Amino acid sequence: MDKILDIDNVDLKIISLLNDDAKTPYTEIAKKVFVSSGTVHVRMRKLEEMGIVKSATLNIDFSKLGYDISAFLGIYLEKSSLYDNVIENLKQISEVINAYYTTGNYSIFAKIICKDTNHLRTVLDNIQKVDGIDRTETLIVLEESINRPIQFFEKDLK
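As the structure is a computational prediction, the values presented were derived from the model and not from experiment.

1. Quick word on the sheet that holds strand β1 (residues 69–77)
Then comes step 1: Spatially, 4 strands are ordered β2-β3-β1-β4 in an open sheet, and the strand pairing comes out antiparallel. Of all the strands in the sheet, just β2 (96–101) and β4 (133–140) have a single pairing partner and so form its edges. For this sheet, the mean inter-axis angle between neighbouring strands, taken without regard to orientation, is 20°.
Then comes step 2: Relative to β4, β1 is paired through 7 bridges, and the arrangement is antiparallel. Residue A71 lies in a different strand from β4, and its bridge partner there is I140.
Then comes step 3: Along the sheet face, helix α5 (residues 83–90) touches β1, β2, β3 (108–114) and β4 and points at about 10° away from the line of β3.
Then comes step 4: The sheet strands contacting helix α6 (residues 117–128) are β1, β2, β3 and β4, and the helix crosses β3 at an angle near 145°.

Spelled out as C-alpha cells, the structure:
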C-alpha cells in the first residue's frame, strides 16, 4: 500500500494516456500532462521500478489472424495443492492466453483462443489430460462487448 502513496495525479494521467495507447510518444504525453518529456521518462522509470507498470502490450484482434473462437474455461482441480503443477502444464499450451487462481466454483479460470471448433476440441483434450485437473467447463465467447483499461481519477489517490 505504501507504494501507491508515492504516486500523484501526474503519474495517474501518464498511466491513463499510455493505457489508451501504449505506443504514444513521451513527448505527446508530456504535452497533454503539461510536463517535460524528461519528466514523463523519469516518472515511467519510477512506475516500472515500483512494479506498477509491468510492460507495454499489444491489443490484438486474434480473429483477423484466424483464431475465430475465444472461450473461458473453468477448471476444477483434484486438490488445490496441485495448482502450481497444473499452471506449469497450462503454460505449455500456447492457446491458453490467461489463467487465474480463483475462489468460487472453479480453482482456475482460463481464457483460450482457437481457430475453429476442431481446434477447440483438440485444445480441450490436451488440457483435460493435465495431471491434477479433475474436470473442466467451457464457455464460448459470442461477443466481447467491453475491453478497456481502468481510468484513474484524482479520487483514486485518496
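2. Thoughts on the UniProt feature "domain: HTH asnC-type" (unreviewed entry) in the protein chain
Then comes step 1: Per the UniProt record, "domain: HTH asnC-type" (unreviewed entry) is found at residues 7–68.
Then comes step 2: Strand forms 0% of residues 7–68 and helix 53%; the C-alpha atoms that close the span are 40 Å apart.

3. Description of the domain arrangement of the protein chain
Then comes step 1: Looking at the protein chain, the domain boundaries give domain 1 (9–50) and domain 2 (62–141).
Then comes step 2: Here domain 1 and domain 2 have C-alpha centroids that lie 35 Å from each other.

4. Looking at the nonpolar core
Then comes step 1: The biggest cluster of nonpolar side chains holds 21 residues, and the ones touching the most others in it are I75, L90, I108, I112 and I127.
Then comes step 2: Mapped by element, the contributors of at least two residues to this core are β1, α5, β3 and α6.
Then comes step 3: At 5 residues, the largest contribution of residues to this core is made by β1.
Then comes step 4: Core analysis: the second largest hydrophobic core is formed by 14 residues, V10, M44, M50 and V53 among them.

5. What to know about the packing of helix α2 (residues 9–20) against helix α4 (residues 37–49)
Then comes step 1: Running from N to C, α2 and α4 point in directions that differ by 85°, and their axes come no closer than 10 Å. In terms of orientation, α2 and α4 fall into the roughly perpendicular class. Residue-level contacts link V10, D11, I14, I15 and L18 of α2 to V40, R43, M44, K46 and L47 of α4.
Then comes step 2: A breakdown of the residues in the contact of α2 with α4 according to their chemical character gives 7 nonpolar, no polar and 3 charged.

Definitions and cut-offs
- Per-chain numbering applies: the sequence of each chain, read as written, is numbered from 1 onward.
- Local features in this predicted model are restricted to residues whose pLDDT is 70 or higher, and side-chain atom pairs enter the listing and the counts only when it is 80 or higher, whereas totals over whole chains, interfaces and linings include all residues.
- Heavy atoms throughout the structure, all of them, feed into the side-chain values; hydrogens and water do not.
- Between any two strands, at least two bridges found by DSSP are needed for them to pair.
- Secondary structure is summarised from DSSP: a helix means a run of H or I of at least four residues, a strand means a run of E of at least two, and numbering begins at the N terminus for each.
- Here, axes are lines fitted to C-alpha atoms. For helices the fit covers the stretch in contact, and angles between N-to-C directions go from 0 to 180 degrees.
- Contacts are residue-level and defined by heavy atoms, with any inter-residue pair within 4.5 Å sufficient.
- UniProt positions are given in the numbering used here, feature names are shortened, and annotations may be inferred rather than shown by experiment.
- Domain start and stop points were drawn from an automatic or database domain assignment.
- Only buried residues count toward a nonpolar core, which is a set of Ala, Val, Leu, Ile, Met, Phe, Trp, Tyr and Cys residues joined through side-chain atoms within 4.5 Å.
- Any residue under 20% of the maximum accessible area for its type is buried, any over 50% is exposed, and the rest in between are partly exposed; the area is computed with a 1.4 Å probe on protein chains only.
- Each angle gets one of four labels, with under 35 degrees taken as roughly parallel, over 145 as roughly antiparallel, 65 to 115 as roughly perpendicular, and the rest as oblique.
- Charged residues are taken to be Asp, Glu, Lys and Arg, nonpolar residues to be Ala, Val, Leu, Ile, Met, Phe, Trp, Tyr, Cys and Pro, and polar residues to be all remaining types, Gly included.

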